[in-house]
Amino acid sequence: FPAGALIGAGDVYVIAHPSADPSIVDQSDLTHQYLSNGDDGYALVYGSESAYEVIDRIGDFGADPGDGWPVAGIADATKDHTLVRKLAVTAGNADWSASSGTTAADSEWIVLPQNTWDHLGSRGSSDPSGLTPDAGGETGGSGSSGNAGAGAGTAAPLFFSEYAEGSSNNKYLEIYNPTSSAVSLDGYGFPSVSNGGDGSTHE
């Protein structure tokens, strides 16, 4: 993240492709050229390169999943869809398998059609069926560490609240701060890996 970047209390931070639709770019806090084609994993991490904690994931850094990862029982849901985190989720989840789930009930995500951007820019601004806290699924992620080490400090419970793999370059990531205080993004990063785990990373 750029030096001095922060997420306000209860606010979101949007990372968008620079050539996305103006309605997306206008909501963005940062533009980033390398956003997912559906099979590129993202993590939200805190710490340093040698000692860090994985706070949340979209996809994983394992083998190439093909066109995309399944979410809520929908094949290739990370491609040509928008994913919105259920309002019941209050923290990130470093276990992508647990986060993505196998059914609409046990997934932490709602899978919406491609180019659905109604929820971009604020968490819970609208509340369609399936996004309410009692809509099923877990009430919060595990927040477990991936490669945490000494000196990594304590991360705030930030998490990915929305992800879009839209047509053309209409792609974005949204990160939510559920706390009552602004959080500095110094020490946070959003590393990615292309085509699952082929070793090509962008930070």
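Residues numbered from 1 in each chain as written. Predicted model: local features only at pLDDT ≥ 70, side-chain atom pairs only at ≥ 80, totals over all residues. Heavy atoms only, no water.

Draft legend 1. View of the overall build of the protein chain. If you tally the helices and strands in the protein chain, you get 2 helices and 13 strands. Looking at the protein chain as a whole, 48% of its 203 residues qualify as buried. Put simply, the protein chain shows about 8,400 Å² of open surface, and 46% of that area lies on carbon and sulfur atoms. (Helix = DSSP H or I, 4+ residues; strand = E, 2+ residues; numbered from the N terminus. Buried < 20%, exposed > 50% of the residue type's maximum accessible area, 1.4 Å probe, protein only. Areas by Shrake-Rupley, 256 points an atom, 1.4 Å probe, with all protein chains shown as cover.)

Draft legend 2. Structural detail: the sheet that holds strand E3 (residues 30-31). Taken in spatial order, the 6 strands line up as E3-E2-E9-E8-E6-E7 in an open sheet, and their pairing is mixed. Sheet topology places E3 and strand E7 (109-113) at the edges, where each strand pairs with a single neighbour. Pairing analysis gives 5 bridges linking strand E6 (residues 81-85) to E7, with the strands arranged antiparallel. By the bridge assignment, Leu83 is partnered in E7 with Val111. (Pairing = 2+ DSSP bridges.)

Draft legend 3. Spotlight on the pattern of salt bridges. Inspection of every chain in the model, using the stated rule, returns 3 salt bridges. Of the charged contacts in the structure, one is a salt bridge between Arg85 and Asp56, with a shortest N-O distance of 2.8 Å. Taken as a pair, Arg85 in strand E6 and Asp56 in strand E5 (residues 52-58) lie far apart in primary sequence, 29 residues in all. For the pair Arg85 and Asp56, one class covers both residues: buried. The partner of Glu108 in a salt bridge is Arg85, and the shortest N-O contact between them spans 2.7 Å. Of this pair, Glu108 sits in the loop between helix H2 (96-100) and E7 while Arg85 is found in strand E6, placing the two residues 23 residues apart along the sequence. Of the two residues examined, Glu108 and Arg85, each falls in the buried class. (Salt bridge = Lys/Arg side-chain N within 4 Å of Asp/Glu carboxyl O.)

Draft legend 4. A look at the nonpolar core. If you look at the biggest cluster of nonpolar residues, it comprises 29 residues, and the most contacted ones within it are Ile15, Val71, Leu158, Phe160, Leu173 and Tyr188. Elements represented by at least two residues in this core include exactly strand E2 (12-16), strand E4 (41-47), E5, E7, strand E8 (159-165) and strand E9 (171-176). Ranked by residues supplied to this core, first place goes to E4 with 3 residues. The contacts of Tyr188, once residues within four sequence positions are left out, are Phe1, Val45, Tyr46, Ile55, Ala155, Ala156, Leu158 and Val183. (Core = buried A, V, L, I, M, F, W, Y, C linked by side-chain atoms within 4.5 Å. Contact = heavy atoms within 4.5 Å.)

Draft legend 5. Representation of the side chain of Arg85 within the structure. Under the relative-accessibility criterion, Arg85 is labelled buried at 0%. At a separation of 2.7 Å, a polar atom in the side chain of Arg85 contacts the side chain of Glu108. (Polar contact = N/O pair within 3.5 Å; in protein donor to acceptor, adjacent residues only side chain to side chain.)

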